Amino acid sequence: AEKLKYLKAYGSPIEFRLSESKTRPNAMSTLQRTVEKYQSWLNSSTGDEQYAHITEEEFKKCHDACDASSSWMYEMMDKQGSLASNQTPAITTAEINAKTNELTKTISPIMHKPKPKPKPEEKKESEEPKAAEESEKKAADSAEPMETDETKPEPAESEPMETEATS
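Figured I'd write up the structure that's included with this text. (Residues numbered from 1 in each chain as written. Predicted model: local features only at pLDDT ≥ 70, side-chain atom pairs only at ≥ 80, totals over all residues. Heavy atoms only, no water.)

So, the overall build of the chain
For the chain, the count of helices and strands is four helices and zero strands. Residues counted as buried form 23% of the 167 residues belonging to the chain. (Helix = DSSP H or I, 4+ residues; strand = E, 2+ residues; numbered from the N terminus. Buried < 20%, exposed > 50% of the residue type's maximum accessible area, 1.4 Å probe, protein only.)

Some words on a nonpolar patch on the surface
A cluster of nonpolar side chains, Tyr6, Leu7 and Tyr10, forms an exposed patch at the surface whose accessible area comes to about 370 Å². In this fold, leucine 7 is placed in helix α1 (residues 2–45). (Patch = residues over 30% accessible without salt bridge, like charges linked within 9 Å, V, L, I, M, F, W, Y side chains within 5 Å. Areas by Shrake-Rupley, 256 points an atom, 1.4 Å probe, with all protein chains shown as cover. Salt bridge = Lys/Arg side-chain N within 4 Å of Asp/Glu carboxyl O.)

Section: the pattern of salt bridges
Pairs can form between side chains of opposite charge once their charged atoms are near each other. What the rule picks out here adds up to three salt bridges. When the shortest N-O distance is used, the salt bridge between glutamate 58 and lysine 113 registers 3.1 Å. Of this pair, glutamate 58 sits in helix α2 (residues 56–82) while lysine 113 sits in the loop between α3 (93–111) and α4 (120–143), and the two are 55 residues apart along the sequence. The salt bridge partner of lysine 60 is aspartate 64, with a shortest N-O separation of 3.6 Å. With a gap of four residues between them, lysine 60 and aspartate 64 both fall in helix α2, about one helical turn apart. Taking relative accessible area as the criterion, aspartate 64 reaches 39% and is therefore assigned partly exposed.

Some remarks on the nonpolar core
Trp41, Trp72, Ile96, Leu103 and Ile107 are the most contacted members of the largest nonpolar core, which has 22 residues in total. Taken together, the elements giving at least two residues each to this core come down to α1, α2 and α3. Among all residues touching isoleucine 96, those that are not within four sequence positions of it are Arg24, Ala27, Met28, Leu31, Trp72 and Ile91. (Core = buried A, V, L, I, M, F, W, Y, C linked by side-chain atoms within 4.5 Å. Contact = heavy atoms within 4.5 Å.)

Thoughts on the side chain of histidine 53
Examined against the element boundaries, histidine 53 turns out to sit in the loop between α1 and α2. Its relative accessible area of 16% is what places histidine 53 among the buried residues. Within the structure, the side chain of histidine 53 is placed 2.7 Å from the backbone oxygen of lysine 113, a separation counted as a polar contact. (Polar contact = N/O pair within 3.5 Å; in protein donor to acceptor, adjacent residues only side chain to side chain.)

Details of the packing of aromatic side chains
This structure, assessed with the given rule, holds three aromatic pairs. Ring plane angle 70° and centroid distance 5.0 Å describe the contact between tyrosine 6 and tyrosine 10, whose orientation is recorded as edge-to-face. Placement of the pair is tyrosine 6 and tyrosine 10 together in helix α1, with a separation of four residues, close to one helical turn. The exposure class of tyrosine 10 is exposed, given its relative accessible area of 54%. Look at tryptophan 41 and phenylalanine 59: their rings are 5.9 Å apart centre to centre, the planes differ by 35°, and that puts the pair in the tilted class. Here phenylalanine 59 lies in helix α2 and tryptophan 41 lies in helix α1, a separation of 18 residues in the sequence. Classification of tryptophan 41 as buried rests on a relative accessible area of 6%. (Phe/Tyr/Trp six-rings, centres within 6.5 Å; stacked < 30°, edge-to-face > 60°.)

The structure is reproduced here in structure tokens:
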């Protein structure tokens, strides 16, 4: 049991560094893609009518969040790049994923903010007379029988249908 403790004390940090070295590049690329996605959205949506309801303050908040995440990412990549693979990592995958989630939680609500609906009071006043006219037309139409181009077929002499005779 003591030997196992001894081996785990030396082996666990090695396993941790190995797993981090395998998962860190994927986490960094995910963060980088997220930052690039939001930056391209910010660059393309600034003058777009679809995002006219988003205020300048919100755009500035998004720009600041992207810039901060990007600079943090490059700073950490530099720190990690200067370390040897047998040293404790400067940044963990969990920290990178937390930064990605933080960026998404900051920008996504602003990015997907729905347009404010136009004031319904003006519509109600203009729609009420139209609705009354339509209901009067429907009532008048339902009282009269419908005219159709089809004519009712006159009943012909009833002839028996031919059936197969079974003998």
